[in-house]
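Descriptive structure summary
These are the residues of each chain, in order.
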Amino acid sequence: MQVSFLGGPQPQRGVGVVAPFDFALDRELWRWVPDEISLRVTRTPYVPVEVSLDLARLVSEHETLGEAVRALGASEPEVIAYACTSGSFVGGAAGERAMVEAMTRAGEVPSLTTSGALVEALQELGASRIALVTPYTESVTQSLEDYLGEVGVTVTGRAFLGLTRHIWKVPYRSVVDMARQAVVGAADALFISCTNLPTYDAIPQLEAELRMPVLSANQVTMWAALRRLGAHAVGPYQALLLDQPTGREVPPVLPSVLPGPLSPPDEPVPSVAPVGPAAGHVPPGQLLPTEPLPEDTEGWT
């Protein structure tokens with residue numbers, strides 16, 4: 001068979017991604033990426049440490065980042081993104097800037113982190129007061145709130161699940177329930193943290209219901225990385241991405257709240273109950289799954 005007439009393949013520009021060892025949402029990152037861009041993803045080494053702020057520090061050590069960035073260099077990415085929210089806010093604003101500098105030195109290309117991309121996105125939207133949703137424990141959630149305070153962002157309300165494992169299996173319904181609890185008072189936007197928490201299909205529905213921009217960790221990471229290339233992220237009915245030309249067609253999504261629960265197909269949907277007297281001693285803002293999530297492997301970023 002003669003294939004010479006086909007030409008191609010078309011040149012692909014590369015975005016390098018450094019993710020923690022337990023990152024499970026590669027496919028979600030790709031959904032924001034136009035056709036002419038390729039993601040080159042690598043992971044930090046496995047660390048057998050309990051999920052905590054300590055683990056966030058371990059997966060963001062400069063030596064670890066440098067090795068990951070140099071490995072990506074073989075595929076010649078034009079920008080490198082560190083796709084981990086907790087790993088990039090655990091050291092505060094100064095720590096985040098130091099991470100970017102270390103990655104840029106190691107890779108000799110522009111670099112960014114999820115937490116830095118969040119600040120950039122909030123500035124783009126003119127948002128300084130946000131509602132906050134996380135799957136984290138209270139201590140990790142508080143660390144994020146402290147980071148946001150350092151960069152001049154006020155958290156008006158928050159909700160978190162207190163999970164340490166299998167975060168990528170949290171259904172959209174739980175994300176939506178947390179968002180509804182977190183949005184109290186006057187907020188300019190909602191941020192859903194953790195690059196291991198699925199959000200792509202929930203964003204347009206939440207924006208329609210809550211009448212405010214909704215940002216997520218993976219969304220802002222891809223938006224900021226592609227922006228460095230002069231490219232535009234793909235995402236229907238997402239306020240951060242509006243008025244941007246996209247590199248491929250996206251399926252239409254009705255800008256209205258669906259009557260049923262927002263959950264990935266063929267997955268059970270554990271309901272989430274708000275905190276109350278019957279919930280026992282639970283920190284304010286935490287939501288509890290009424291059915292326990294699996295706990296045999298880690299899953300947090």
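The preceding data block contains the structure.
I will try to describe carefully the structure that is included in this document. (Residues numbered from 1 in each chain as written. Predicted model: local features only at pLDDT ≥ 70, side-chain atom pairs only at ≥ 80, totals over all residues. Heavy atoms only, no water.)

**A closer look at the overall build of the protein chain**
- The helix and strand tally for the protein chain stands at 10 helices and 10 strands.
- Across the 301 residues of the protein chain, 52% fall into the buried class.
- In the protein chain, the proportion of contacts linking residues at least 24 apart, taken out of those at least 6 apart, comes to 75%.
- Surface summary for the protein chain: the accessible area is close to 13,200 Å², and the carbon and sulfur share equals 53%. (Helix = DSSP H or I, 4+ residues; strand = E, 2+ residues; numbered from the N terminus. Buried < 20%, exposed > 50% of the residue type's maximum accessible area, 1.4 Å probe, protein only. Contact = heavy atoms within 4.5 Å. Areas by Shrake-Rupley, 256 points an atom, 1.4 Å probe, with all protein chains shown as cover.)

**A short note on the nonpolar core**
- V15, L148, L190, F191, I192, L206 and L215 are the most contacted members of the largest nonpolar core, which has 71 residues in total.
- The element that contributes the greatest number of residues to this core is helix α10 (residues 217–228), accounting for 7 residues.
- If we skip the residues at most four places from it in the chain, I192 touches V133, V175, L197, T199, L206, V214, L215, S216 and A217.
- V18, V59, L72 and V109 belong to the second largest nonpolar core, which has 15 residues in total. (Core = buried A, V, L, I, M, F, W, Y, C linked by side-chain atoms within 4.5 Å.)

**Re the sheet that holds strand β6 (residues 154–160)**
- Pairing is parallel in the open sheet, where 4 strands are placed in the order β6-β5-β7-β8. Edge positions in the sheet fall to β6 and β8 (214–216), since each has one partner strand and no second. Pairwise comparison of adjacent strand axes, ignoring direction, gives a mean angle of 20° for this sheet.
- As paired elements, strand β7 (residues 189–192) and β8 share 3 bridges and run parallel to each other. When the sheet's bridge partners are listed, I192 is paired in β8 with S216.
- Contacting β5 (129–134), β6 and β7, helix α7 (residues 138–150) crosses the sheet at an angle of about 165° to β6.
- Seen against the sheet, helix α9 (residues 202–210) touches β7 and β8 and runs at an angle of roughly 150° to β8. (Pairing = 2+ DSSP bridges. Axes fitted to C-alpha atoms, helices over the stretch in contact; angles between N-to-C directions.)

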